[in-house]
Amino acid sequence: GAQDYRHWRRGKKMFDARRLLTKEQVLTIPNAMSAFRILLIPFIIWTYASDRHYLAFALVLVSALSDMLDGLVARKLNMVSDFGKFIDPVADKLTQAAILICLMTQHSHIYILFIILAVKELATLWMGAAVFNRHDSVHSAKWYGKLCTVVLEGATMLLMVLPNASENLVHLFIFICACVLIFAFIMYALLYLKMLIHGVDREKDAG
């Protein structure tokens, strides 16, 4: 009956989720680069906490360059995977959160950006999970998400090497980053809502 069908659908979705963890999905060069960025996070925090701000900046720069390269490698070597679409933004957001935590020790108002980032990522994670559960699809990062990453990491990297920046400059950076974060959140919310209502255009989402 209807109850048996619901159990079957739930089991099917659990099976579908496992395909993200297959050897072909996980063991790729781009995913290794994403894992490398995650492993860098404790060193970024440690060097910044040790007042070696320029070294922390250098590590963040290496992380950002790795982020740029993994997408190119994935496309050039045909290693684009749904697991990669998941782990790449996770590495980005964990790095961004770590940088904001570091900066909060110097500029207390940075907590505003941390809260906005946390709300945005938790909400989009929930909506993304709903899309995956309904359509068995993991979306690629969109241009507004990439813009958000560039602006947020660019501004925070500048603040890392400017520990004595004026409060006016810090507030300007906070305002710009907050606007971009909120804009990206709204765009992703609209995208997920469209996917939930109308389904997923897999050809458009492949890029």
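For the structure itself, consult the block above.
Keep in mind it's a predicted model, so treat the numbers as computed, not measured. (Residues numbered from 1 in each chain as written. Predicted model: local features only at pLDDT ≥ 70, side-chain atom pairs only at ≥ 80, totals over all residues. Heavy atoms only, no water.)

**Student:** What am I meant to see in the pattern of salt bridges here?
**Tutor:** All told, the structure shown has 5 salt bridges when counted by the stated rule. With a closest N to O distance of 2.9 Å, aspartate 88 and arginine 37 form a salt bridge. Taken together, the residues aspartate 88 in helix α5 (residues 82–104) and arginine 37 in helix α3 (residues 29–49) connect sequence positions 51 residues apart. Of the two residues examined, aspartate 88 and arginine 37, each falls in the buried class. The salt bridge involving aspartate 92 is made with arginine 37; its shortest N-O contact spans 2.9 Å. With aspartate 92 in helix α5 and arginine 37 in helix α3, this pair connects stretches of sequence that are 55 residues apart. Grouping residues by exposure puts aspartate 92 and arginine 37 together as buried. What you see here is one network of salt bridges that share partners, running through Arg37, Asp67, Asp88 and Asp92. (Salt bridge = Lys/Arg side-chain N within 4 Å of Asp/Glu carboxyl O. Helix = DSSP H or I, 4+ residues; strand = E, 2+ residues; numbered from the N terminus. Buried < 20%, exposed > 50% of the residue type's maximum accessible area, 1.4 Å probe, protein only.)

**Student:** Just checking my understanding: could you explain the packing of aromatic side chains for this structure?
**Tutor:** Here the distance between the centres and the angle between the planes together describe a pair of aromatic rings. Evaluation of the coordinates by the stated rule reveals 4 aromatic pairs. Seen in terms of ring centroids, tyrosine 144 and tyrosine 188 are 4.9 Å apart; in terms of plane orientation they differ by 75 degrees. Their pairing is edge-to-face. Taken together, the positions of tyrosine 144 in helix α7 (residues 143–160) and tyrosine 188 in helix α8 (residues 167–198) put the pair 44 residues apart, joining distant regions of the chain. Under the relative-accessibility criterion, tyrosine 144 is labelled buried at 7%. (Phe/Tyr/Trp six-rings, centres within 6.5 Å; stacked < 30°, edge-to-face > 60°.)

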